[in-house]
Each structure stands twice: as structure tokens, then as C-alpha cells.
Amino acid sequence: MPTVTVQPTGVSPADVLAVARGDAHVLLAESTMEAMATSREIVDGIERAGRPVYGVSTGFGALANTSIAPERRSELQHALIRSHAAGVGAPMPREVVRAMMLLRVRSLALGRSGVRPLVAQALVDLLNHDITPWVPEHGSLGASGDLAPLAHCALVLLGEGWVLDKSGARHDGGEALRRAGLQPIELAAKEGLALINGTDGMLGMLLLASHDAAHLFAMADVTAALAIEAMLGSERPFLPELHSIRPHPGQAVSAANIHRLLQASAIMDSHRDDLAHAVQDAYSMRCAPQVAGAARDTLSFVDTVAARELVSVVDNPVVLPDGRVESTGNFHGAPLGFAADFLAIAAAEVGAIAERRVDRLLDVTRSRELPAFLSPDAGVNSGLMIAQYTAAGIVAENRRLASPASVDSLPTSGMQEDHVSMGWAATKKLRTVLDNLTSLLAVELLAAVRGLQLRAPLTPSPAGRAAVEAVARFAGEPGPDIFLAPVMEAARAVVSGRELRTAIESELGPLA
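All of the points below concern the structure found in this document.

Throughout the structure, instances matching the rule amount to two aromatic pairs. Judged by centre distance (6.4 Å) and plane angle (85°), the ring pair of Trp134 and Trp162 falls under edge-to-face. With Trp134 in the loop between strand E4 (132–133) and strand E5 (136–138) and Trp162 in strand E6 (residues 162–164), this pair connects stretches of sequence that are 28 residues apart. Given the relative accessible area of 10%, Trp134 is considered buried. One Lys or Arg, Arg170, reaches over the ring of Trp134 and ends 4.8 Å from the middle of that ring. Sitting above the plane of the Trp162 ring, Arg170 keeps its charged end 3.6 Å from the centroid.

What follows is the structure, given as C-alpha cells:
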């Protein structure tokens, strides 16, 4: 099992993926323990001096001016966790909760939260014993961090709340600790607040989405090239000299991918010198790199935002090395919410242009002599007609989901928290957009492969041959109608998986 060691400098995106999806073992570096112990000494000194500090000796939010007696400050932290664990709805996926917990450990490890090392170790113990808190989907506004989701995680540390097993069932958190041989912890001043005042849910979902988007955008180039090849499109719009004169980096990468994917094809050779061939292909074919490339550039921006957040101290208040404890607004999720909304827009358009190519492939008046709906016996058979209906419905849903969540602030906490980011909603719906994009590319893959099969005896490109081989395993050859739902599910697995991409890259080299 791989190991991720949390240093005082934090963790990497690869570390987050390894823990969230790969169940990597987590360790706290000795230097991390020392950094946390040093910041805790400052909080203990404040306690002894009796200075009023938000979250240490006062209430929270609109109750920030309410003084808390020393003997009740531990009670305050426990009450905070219980009251803030107020989410509702279906549980968040295991990978999201694991990412969120690791990222909260990461923030504590930076040594600016004033918690004892045992608090971070308690979260690490949950990860290493495969205890996943039940975190409901609704509850975070992405402003004072992901308060409710993180509180549901923290509640399990206290031996309370719920946990999620791998079957999706809900169990008692205290019982889960006992079965793992773990003890509940008692929170000291500031520690409850430090466990919940972070952007970790938003950041975890953004990192997972970014990783998925990078693969899907490469697969979008693959399915676009296959569709263009099946429709007897031209490779000339993807020549590098045409993209160097408009130097958007993502566009150049996407065009280079598509151009390379279209080489060594008897189908492409069959019409290259045909004077009757269309002078210009439709936008959905010719402009594929402009759309997918812009999405790649959007993803680069998202990666920059996520990288900054990964080295950020996200808590309130924060403990500075000179002994000051200062309130901040660093828990506000606007940077992550904006980035997620931007990427959702881009991913929605990558899917939308793919659906337009599917529609063109199925339309006998525009597909350049392919049979209607890619059925050799259209009429009795409907071919892929309804697969395109499904794609159209998904495009419509993605357009609704592309409406930004980050502009929809609602005030809370007696107007103390009068502007919120809605970053949790933005990152959560981004994951849905990407899942929908997987389905749209699956439909394009299926339609493009059917088109390539119907061009026989002309042979497709190496990429086309690899795709035909992969899809034919579960879809067979063009013929009478078959039960399409399982075929589309299998095509989704091909798009989201790495087998087809690996087969293509073994022939052509890595896709960027």
C-alpha cells in the first residue's frame, strides 16, 4: 500500500488522489507534529492570560461577542461540532469524504490552527482504519468553510455521528471507533473550530474533478477525431501552422492530438483529393480544437487555483508565529467556487459539441453517405436514434448545471456571514457535469465506431482500429437493433477507463 506523509508544507494533488481513491496509508511527519505543538503552546498561553480571542474564549458567528468562561470552553467546542453537524440528504461519496479529511489534516499540519497533534492524528486514524464519516450532501454554503460537512467528520472523532460503509449503509460512529480499537477524543479550546473552518470539501471535489477533466478532455479529442474520420472530414483544419497564428495553448494541444489521430487512415485517404468533397467541414468538426482547447486552458486556470489553495492556511482565527491570533476571511470559498463554475461551463460545451457531431453522424442528409441513424436496415431498425435523444437530454441538463452557483449568495448567521461563496454547490455540480460528459463522449464513441465499421472495406486510422476493437467486444457489428442501455454503459467505462487510451498511445505516443 502506498504511503502519503503529511509535511508542514502540506500535500500534493497526487497525494489527495492516492488517499481518496487509492486508500494510501497516511503518516504525519515529525516536523508536522512539532509545528502543531508550537502553535498549540500559543493558544495555551492565551488561555492562561485570559485574553478574549474569537473561537477560543468567545462564541461563534453572530455570537462572537459572547464571552465563554474558562471551565466551559471545552464544552463550547463539543457543542459547536454537534450543532454544526446539521446536514441533510444523501451521503457524499467515500472518495470525497476521504479527500476532505486528508485536506483538513493538511491545513492543521501547517501549524497555524493551534490544535494539539492528537487532533490531526485522530483524523489520520479514521483514514487508515477506513472509517468514512457519513457526510450529507446539503449543508455547506462554502463561506465559513464547509462547516456542516466537516462537522459531520469531526463528530465521529468524538465517538458520535454516523459512518458510511462500502455498501452505502449508515452505522453509529462510536461503534465504528470501538471496532477499530480507537478512542474518542476530548476537544480543547479552539480545536472544534479548527476542525470545521476550512475549504476542504470544496478543494477535495475540485482536485478530483480536475483529474477527471484532464482525462476526459483528452478522450474528447479521441472521440472527435473518430467522428471526423467516420464523416469523411478533413484533417487540414488541424495543421499546426493554423493554430500557431492563434496561440491559445490548449487549442494547439487539442489540434495536434486530432491531427495525429487522423493519420494512416485509408478512410481519410479515400477523399483527400476528391474535388467534389466539401470545401469546409461543419463547425462541430472544424472547430473541435477551439472548444476543447479552451476547456484545457480553463482547466489550467483551475489547477493554478487548486495549487494555491493546497499551500494555504484556511482557518479562523489563525495563530501567527509571533504569538498573535488574528481573525481572517481565508475560509471564504470564492476562489474555488469561481474556478468550479468556470470549468463546469467549459466541460458542458465540450459535451455539447460532441452531441452535435453525433447528430451529424446519424443524419443521412449530412453524414456523407452513411445510412440513417447508422443502421444498415433503417426503418424496421432505429439504430442509434434514441442514443442521440439521450445525449440531447444530457446536454440540456449540463446547460442548467453550467449556471454558476457562485453568484447565488444567501446571508446567514444573523447577517454576520452576509456573503457566502456557494463553492460546495459549485464543485458538487461540476462533478455531475463531468459524469454527464462521460456519457456524452460514450455516445460519440459508439456512433463514431459504428460509422467507421460502415466504411468497410476501407480501414480506419490506428486510433480508429483500436476503438473499433474495443467497442466491438460489447456492441458487435452494425446490424439489427440491440438492447442499447448496457452497450452505452460499457462505452462509458471505455471513456472513463484507460484501456482504449493506452492502446491508442501505444501506437501514436502519449496524448497531451
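Structure shown, so let's carry the discussion forward.
Taken together, three strands build an open sheet; the order of strands is E4-E6-E7 and the sheet is antiparallel. A single partner strand is all that each edge strand has here, and the edge strands are E4 and strand E7 (170–172). As paired strands, E4 and E6 are joined by two bridges and run antiparallel to one another. Directly across from Pro133, in E6, lies its bridge partner Val163.

Note that Ala24 resides in the loop between helix H1 (13–20) and strand E2 (25–28). With relative accessibility at 1%, the residue Ala24 sits in the buried group. Each C-alpha atom of the pair Ala24 and Val4 lies 6.4 Å from the other, and the pair is 20 residues apart in sequence. Discounting chain neighbours no more than four positions away, the residues touching Ala24 are Met1, Pro2, Val4, Ala18, Val19, Arg98 and Asn128.

Take helix H9 (residues 200–230) next. The end-to-end C-alpha separation of H9 is 44 Å, in line with the 45 Å expected for 31 residues at 1.5 Å each. With 28 of 31 residues buried, H9 lies mostly within the body of the structure. Backbone geometry just downstream of H9 places Leu232 in the positive-phi region, at approximately 55°.

This brings us to the nonpolar core. Ranked by size, the top nonpolar core spans 152 residues in total, and within it Leu108, Leu195, Phe217, Leu361, Leu445 and Leu500 carry the most contacts. Among the elements that take part in this core, H9 stands out by supplying 19 residues, more than any other. When residues no more than four places from it in sequence are discounted, the contact partners of Leu108 are Met36, Ser113, Val115, Val119, Ala120, Leu123, Ala194 and Leu195.

Viewed as axis vectors pointing N to C, helix H15 (residues 334–362) and helix H16 (residues 385–401) meet at an angle of 160°, and their least axial separation amounts to 9 Å. Viewed along their axes, H15 and H16 adopt a mutual orientation that is roughly antiparallel. Both H15 and H16 take part in a crossing whose hand is left-handed. Contacts between H15 and H16 involve Ala348, Gly351, Ala352, Glu355, Arg356, Val358, Asp359 and Leu362 from the first element and Met385, Gln388, Ala391, Ala392, Val395, Asn398 and Arg399 from the second.

A few words now on the environment of Glu34. Mapping Glu34 onto the fold places it in helix H2 (residues 30–49). Look at Glu34 and you get partly exposed, because its relative accessible area is 47%. Residues Glu34 and Leu343, spaced 309 residues apart in sequence, show a C-alpha to C-alpha distance of 38 Å.

Our next topic: H1. Three or four residues apart is the spacing at which side chains of an α-helix point the same way, because the helix has 3.6 residues per turn. Regarding H1, the residues found buried are Val16, Leu17, Val19 and Ala20. Seen from one end, H1 has its buried residues packed into an arc of 165°, which puts them on one side. Buried residues belonging to H1 abut strand E1 (3–6), E2, helix H4 (94–109), helix H5 (117–128) and H9.

What follows deals with the pattern of salt bridges. Tallied over the entire structure, the rule returns 35 salt bridges. In this structure, Asp23 engages Arg98 in a salt bridge whose closest nitrogen and oxygen atoms are separated by 3.6 Å. Within this pair, whereas Asp23 is found in the loop between H1 and E2, its partner Arg98 is found in helix H4, the two being separated by 75 residues in sequence. Exposure remark for Asp23: the relative accessible area of 24% places this residue in the partly exposed category. Asp281 is the partner of Arg368 in a salt bridge, and the nearest nitrogen-oxygen pair spans 3.0 Å. In this pair, Arg368 is assigned in the loop between H15 and H16 and Asp281 in the loop between helix H12 (266–269) and helix H13 (283–286), connecting sequence segments 87 residues apart. What emerges from the salt-bridge pattern is a single network uniting Asp23, Arg94, Arg98, Asp130 and Lys166.

Turning our attention to the pairing of E1. The alternating pattern of E1 places Val4 and Val6 on a buried face and Thr3 and Thr5 on a face that is not buried. One ladder, built from four bridges, connects E1 with E2; its direction is parallel. The residue bridging Thr5 from the neighbouring strand is Leu27, located in E2. Assessed by its sense of winding, the connection that carries the chain from E1 through H1 to E2 is right-handed.

Cis geometry is adopted by the peptide bond preceding Pro317, which originates at Asn316 and carries an omega value of -5°. Of note, Pro317 is situated in the loop between helix H14 (288–310) and strand E8 (318–319). One non-glycine residue, Lys190, lies in the positive phi region at around 80°. Locating Lys190 in the fold gives a position in the loop between helix H7 (173–180) and helix H8 (191–196).

Another aspect to go through is the side chain of Asp281. By relative accessible area, Asp281 is classed as buried at 6%. Not counting chain neighbours up to four residues away, the residues in contact with Asp281 comprise Gly233, Ser234, Arg286 and Arg368.

Procedures and definitions
- Residues numbered from 1 in each chain as written.
- Predicted model: local features only at pLDDT ≥ 70, side-chain atom pairs only at ≥ 80, totals over all residues.
- Heavy atoms only, no water.
- Phe/Tyr/Trp six-rings, centres within 6.5 Å; stacked < 30°, edge-to-face > 60°.
- Helix = DSSP H or I, 4+ residues; strand = E, 2+ residues; numbered from the N terminus.
- Buried < 20%, exposed > 50% of the residue type's maximum accessible area, 1.4 Å probe, protein only.
- Lys NZ or Arg CZ within 6 Å of the ring centre and 35° of its normal.
- Pairing = 2+ DSSP bridges.
- Contact = heavy atoms within 4.5 Å.
- Expected span 1.5 Å × (residues − 1).
- Core = buried A, V, L, I, M, F, W, Y, C linked by side-chain atoms within 4.5 Å.
- Axes fitted to C-alpha atoms, helices over the stretch in contact; angles between N-to-C directions.
- Parallel < 35°, antiparallel > 145°, perpendicular 65-115°, else oblique.
- Left-handed = near helix turned anticlockwise from the far one by under 90°.
- Arc of directions from axis to C-beta.
- Salt bridge = Lys/Arg side-chain N within 4 Å of Asp/Glu carboxyl O.
- Right-handed = clockwise from strand over helix to strand, strands pointing away.

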